[in-house]
Amino acid sequence: LVLPTAGERPHADEMSGGDLDGDQFFVCWDPELIPNHIVEPAIYEGGASRDHGAVDLTDLAVHFAHFSFAPVARVSRAWLFWAARERDGVLSKKCRRLNDFFSRAVDAVSTGEAVDLPADLQPTEEKAEHETVWGRLLARQEQWLSKMAQVH
């Protein structure tokens, strides 16, 4: 897959703020899966990475001990919830706002940003967060992380 880098925005950036640092893309020519209309890409203003200075093995161990995909999972779960319930689906205003939160949550590892969803983007039904096996596993992870945060 070859993507041009010239132009107003590189194509990789137009696809979910991709910066080609391990991003994965799906390429398909099946006419049944090709959208019948084009939607303008979201504008994503990436946060600035923190300068950590010299990093040693202890720094890496501490980072990975506290690392969690929980913020990404929370945003993803909210996006799926609203995509299934809003009249415009994935093109709804809520899902478009959540796209920005998702990109910020993914980049939080390098930016250090704490990504919290506003109340109006939270799933409104308790069942939505625990209706799948994956959702129940994520909920258990969040409970465990809360307990670990209290210990430290």
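Numbering of residues begins from 1 in every chain and follows the order in which that chain's sequence is written. Totals for whole chains, interfaces and linings use all residues, but because this is a predicted model, local features are given only for residues with pLDDT of at least 70 and pairs of side-chain atoms are given and counted only at 80 or more. In computing side-chain properties, one takes all heavy atoms of the structure into account and sets aside hydrogens as well as water.

Draft legend 1. Expanded view of the environment of leucine 138. Tracing the backbone through its elements, the reader meets leucine 138 in helix α6 (residues 133-151). Residue burial is assigned from relative accessible area. The probe radius is 1.4 Å, only protein chains are included, and a residue is buried under 20% of its type maximum, exposed over 50%, and partly exposed in between. According to the relative accessible area criterion, leucine 138 is buried, its value standing at 7%. For the pair leucine 138 and phenylalanine 69, spaced 69 residues apart in sequence, the C-alpha separation works out to 9.4 Å. Those residues in contact with leucine 138, other than ones at most four positions away along the chain, are Ala73 and Arg77. Numbering of helices and strands runs from the N terminus, with a helix taken as a DSSP run of H or I at least four residues long and a strand as a DSSP run of E at least two residues long. What makes two residues a contact is simply this: any of their non-hydrogen atoms within 4.5 Å.

Draft legend 2. Molecular detail of helix α3 (residues 70-85). For a helix, the expected span equals 1.5 Å multiplied by the residue count minus one. Across its 16 residues, α3 extends 23 Å between first and last C-alpha, which sits within 8% of the 22 Å expected from 1.5 Å per residue. For α3, the set of buried residues is Ala70, Val72, Ala73, Val75, Arg77, Ala78, Phe81, Trp82 and Ala83.

Draft legend 3. Local environment of the nonpolar core. Core analysis: the largest hydrophobic core is formed by 14 residues, its most contacted members being Val75, Trp82, Leu98, Phe101, Ala105, Val115 and Leu117. Of all the secondary structure elements, the ones that give two or more residues to this core are α3 and α4 (93-111). Per element, the largest residue contribution to this core is six residues, and it comes from α3. Not counting the four nearest positions on each side in its chain, tryptophan 82 is found in contact with Lys94, Cys95, Leu98, Asp120, Leu121, Gln122, Pro123 and Thr124. We call a set of buried residues a nonpolar core when its members are Ala, Val, Leu, Ile, Met, Phe, Trp, Tyr or Cys and they connect through side-chain atoms within 4.5 Å of each other.

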